[in-house]
Amino acid sequence: MQGPVRNEWQYDVFVSYARTDEHFSGRISDITLRIREVFRSLTGRELRLFLDREAISTASLWEQRIMTAVENSAVLIAIQTPSYFTSEWCGREWDVFTMLEAERRDRHKLLPYESLIFPILLTDAALMMTKSPDTHRRVAEMRKRQSINISRLSPQADEFTELVTRLVRDLVVMLDKVSGSGTTDVFSTDEQRLGASARAPGRMIPLVATYSGADQQRFTRLLTEARAATIVGVANGWVADCLEAALTAKRTRAGPDTFWDHLHVVFLADDLLPFIHDEFSIGFPSRADALRERVRRYGQTKRRVMSLLLRFGTAGRWTLYTYPYLLPFVGNIFYLSDDKRIVQLAIPRPSRGEDENLYIDFLDRVDQYFESAFREVVEVSREEHEVVLVGSPGWRPDTFICRSARFRRSVLVEGRNSEDWLAAVLVLTWRQGGEGPEPLLQVNTPHNSTREMSKASHVSGYVNQRDCSQRRGPDHEWLGEFEIAPESIEAAVRRELAADFSIVELPHEPRLTGTVRFFYPDKENLFFYVVEQELPRAHRFTANVQMFPWTVSELLTVRRNQVFSNVLRMFDATMSDNQRDRAARIVGLNLRAHGEPGLALSVADAISQRQVPSSLVERIQADLTATTVYRYAAGRELHIDGLAGLQYRAFFSHLVPAYAGIGIPDSAALLAAISNDPSRAEAVQELGVLYNDGEFMVSIPIEV
């Protein structure tokens, strides 16, 4: 048959062997001669085989002569003698080709058991020197591959011929596979453009792979394969998406609890952002505008990564850092399971966007220089923690006493059953619209929130350590327990608005409208300061923050839809009879508050009889469909699943009265309608009592 011919490959085979084992040179000649003969008999053409016979004295010469051949060879035959894995040159050849093989595996769609490396053993593998970690790693890699052992065979032996023939048959199959269509992208874009002259003998081919643009697919694949990783950057907006995709792939392969051994993500410190020269510097004529956009994009990325890791990360195995100096480099290092370390470095150009950066991939040096460089960056960096306040409500109704602090990543953990309280703010954001004041609520997504996805929510967040800086001593220690002051609440509001939307100038000061307690059955409770805040009318929100204006009627429909959903969830939930009776009491009051006394009675009867008629379920499902609300942003349809927890519970008792105080249309009319309907008024009043009853609320295992 006619063998595969590939113009892009200068050589079919690169033969890697230790030139110091001179007493094996005769056997190596016998092997390569027999391989050529068998290949010719099988394919009818000569094998293009690279076999270097000369000693190599310098690294420069090695790069010039040998690496050109390595990178321009389709497959590698590694002839393993005692000195093979202790040879610096052989080690480099092996490492570079294993990296090339990993690159080519995806492009040529190699099956898991297929390899472009063919080991031939001329010595017992057990006798190989395995003193250094890299030597041990390479031997382990070799043992995972299918090899032929001819260490005890004479070239005249039939078994020798049989083994070599089998190897050549496998080699022909792989050469045919890598000679298929669509494989020219094993070369860089520049090499494809330059054509064959760029791959001519003698051209200096680097020891690295380079490519333009953020290859998110490759980044995700390396993250998926890595057992650990360190990511160093300024504002890689796509990092969070790649982390989520990689973690999903990891858990699909290895189980739901899989995570990296360690994941370090390093950002530049906030106070150094004014000194960055990047695409924003080029795109905005004003330095202030460029800085504002840089800060917004930077904060958005950090919050997105933090949100992802808070939701899905394994505690103690991930850390976010800020680097207090100008970064020495931007890039990533991936620690693979075979102890390889793949390094990616980015070379940004301010005149071009992030997607046009030049990226360089390579294996770390034998002396682990780059691993040390990444480790030094982490060691000098500061851990990026939000430290939230822990305490309890004060003896006066609207006060909170702080007694300690805790890292944000360690709070609100399911099943902790903590009796602690966390201080938080709920900011009732609004602006002047065409018809008067209008509420502004976000739709929670992974890009802007850590929990309660697809819920509509005003801005909320914890009161943290920075907001109470007046309570910290010269060494940043806490100065005993204290009551959270009004200026700390205002600081928290301003910090959240600046971080989420880059809003720093406000039409008026934040105004406290009251406090609300939120009880969880299995984690810390929350003490909310409810604050009303007008936002600048001219401010434009970016699509990914999902901020929308709403009418009171729309919010009422969203909440009504949520009540129907809660009723169906209660029907299906696993609870004791007593718990179900308590849940039914809450959902019945909510149905009455929305003017559904008849449906409330039907639900109560079904629960008391411990049997839910299918006709009742069908009716509620129809009501659920009829009240579904959607929002649209950047071509996406967002299904609204309800109001975020506190805002659902406090809608009638706190939000609507606050809206009426602001002058939001229809809010006063809604309060009047409830007041004029005794059933609704009684239900709203009783809901306010029950939602504030800690013992009652923590006994119900579902959100009602």
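None of the values given here were measured: they were computed from a predicted structure.

### Topic: the overall build of the chain
Line of reasoning, step 1. For the chain, the count of helices and strands is 21 helices and 26 strands.
Line of reasoning, step 2. The burial tally for the chain puts 53% of its 704 residues in the buried class.
Line of reasoning, step 3. Summarising the internal contacts of the chain: among those between residues at least 6 apart in sequence, 73% fall at separations of at least 24.
Line of reasoning, step 4. For the chain, the exposed surface amounts to about 31800 Å²; the carbon and sulfur share of it is 51%.

### Concerning the confidence of the model for the chain
Line of reasoning, step 1. Of all residues in the chain, 86% attain a pLDDT of 70 or more, and the chain-wide mean is 82.
Line of reasoning, step 2. Considering each helix and strand of the chain separately, the mean pLDDT is smallest for helix H6 (residues 189-194), with a value of 35, and largest for helix H19 (residues 667-675), with 95.
Line of reasoning, step 3. Low pLDDT, under 50, characterises residues 54-60; the stretch is placed with ten contacts to residues that sit more than four places away or in other chains.
Line of reasoning, step 4. Confidence drops under a pLDDT of 50 for residues 181-207, and excluding neighbours within four residues, the segment shows 41 contacts in the predicted structure.

### A few points about the sheet that holds strand S5 (residues 148-149)
Line of reasoning, step 1. Pairing in this open sheet of five strands is parallel, and the strands run S2-S1-S3-S4-S5 from one edge to the other. Unpaired on one side and paired on the other, strand S2 (49-50) and S5 mark the two borders of the sheet.
Line of reasoning, step 2. As paired strands, strand S1 (residues 11-16) and strand S3 (residues 73-80) are joined by five bridges and run parallel to one another. From the neighbouring strand, Tyr11 faces S3, where its bridge partner is Ser73.

### Digging into the packing of helix H14 (residues 577-593) against helix H15 (residues 597-608)
Line of reasoning, step 1. Where H14 meets H15, the axes come as close as 8 Å, and the angle between the chain directions of the two elements is 170 degrees. In terms of orientation, H14 lies roughly antiparallel with respect to H15. Between H14 and H15, the residues in contact are Arg580, Asp581, Ala584, Val587, Gly588, Leu591 and Arg592 and Pro597, Leu599, Ala600, Val603 and Ile607, respectively.
Line of reasoning, step 2. When its residues are assigned to classes, the contact of H14 with H15 shows eight nonpolar, one polar and three charged.

### Description of the nonpolar core
Line of reasoning, step 1. Ranked by internal contacts, the top residues of the largest apolar core, which has 101 residues, are Ile484, Trp550, Met570, Phe571, Ile586, Val603 and Ile620.
Line of reasoning, step 2. Leave out the neighbours within four places in its chain, and Ile586 touches Leu687, Leu690, Tyr691, Phe696, Met697, Ile700 and Val704.
Line of reasoning, step 3. Residues Val13, Leu100, Leu171 and Val178 belong to the second largest nonpolar core, which totals 56 residues.

The rules behind each value
- Residues numbered from 1 in each chain as written.
- Predicted model: local features only at pLDDT ≥ 70, side-chain atom pairs only at ≥ 80, totals over all residues.
- Heavy atoms only, no water.
- Helix = DSSP H or I, 4+ residues; strand = E, 2+ residues; numbered from the N terminus.
- Buried < 20%, exposed > 50% of the residue type's maximum accessible area, 1.4 Å probe, protein only.
- Contact = heavy atoms within 4.5 Å.
- Areas by Shrake-Rupley, 256 points an atom, 1.4 Å probe, with all protein chains shown as cover.
- pLDDT = per-residue confidence, 0-100.
- Pairing = 2+ DSSP bridges.
- Axes fitted to C-alpha atoms, helices over the stretch in contact; angles between N-to-C directions.
- Parallel < 35°, antiparallel > 145°, perpendicular 65-115°, else oblique.
- Nonpolar A, V, L, I, M, F, W, Y, C, P; charged D, E, K, R; others polar.
- Core = buried A, V, L, I, M, F, W, Y, C linked by side-chain atoms within 4.5 Å.

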